[in-house]
Amino acid sequence: RVLFRSLGTLCTMFDKRMNVSGASLLELKEKSGDLVFNTVIHSQAKLEESPFVHQPIQVYAPNTRGAQQYAELTDEILERIGMAASAPRLSVVQK
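Next up on the list: the pairing of strand β1 (residues 9-14). Where β1 meets strand β2 (residues 36-42), 3 bridges bridge the pair, whose relative direction is parallel. Within the sheet, the bridge partner assigned to T9 lies in β2 and is V36.

As for its position among the elements, S50 is in the loop between α2 (45-49) and α3 (57-60). By relative accessible area, S50 is classed as buried at 6%. In contact with S50, not counting residues within four places along its chain, are Q55, P56, I57 and Y60.

Our next topic: the pattern of salt bridges. One pass over the structure, following the stated rule, counts 4 salt bridges. Between K31 and E27 there is a salt bridge, and its shortest N-O distance comes to 3.0 Å. Placement of the pair is K31 and E27 together in helix α1 (residues 19-32), with a separation of 4 residues, close to one helical turn. Take E27: its relative accessible area is 40%, and that puts it in the partly exposed class. With its nearest N and O atoms 3.7 Å apart, the salt bridge here joins E76 to R80. Pair noted here: E76 and R80 are both in helix α4 (residues 65-80), with a separation of 4 residues, about one helical turn.

Cut-offs and rules
- Residues numbered from 1 in each chain as written.
- Predicted model: local features only at pLDDT ≥ 70, side-chain atom pairs only at ≥ 80, totals over all residues.
- Heavy atoms only, no water.
- Pairing = 2+ DSSP bridges.
- Helix = DSSP H or I, 4+ residues; strand = E, 2+ residues; numbered from the N terminus.
- Buried < 20%, exposed > 50% of the residue type's maximum accessible area, 1.4 Å probe, protein only.
- Contact = heavy atoms within 4.5 Å.
- Salt bridge = Lys/Arg side-chain N within 4 Å of Asp/Glu carboxyl O.

Remember, this is a structural readout, not a statement about activity or role.
What follows is the structure in structure tokens.
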């Protein structure tokens, strides 16, 4: 009996300037294969600040790369659960 099924594995806090980020992502893909989401959430200050101000990134900093990456992740999740065809493409909220 299956109680839990993982939709996938997400790489977060990715910093292309750090060799360890690339190595970690590569190892994650080697070990988890197709379970790794294509979306990678890069490290950035606004993503770190948004929990402090109690706002999601889409509200706190809607025009940032982080907000766009989380919108892409949402689309990818909807696709994995079979709802992509019925759901409109998510976009970043504009203030």
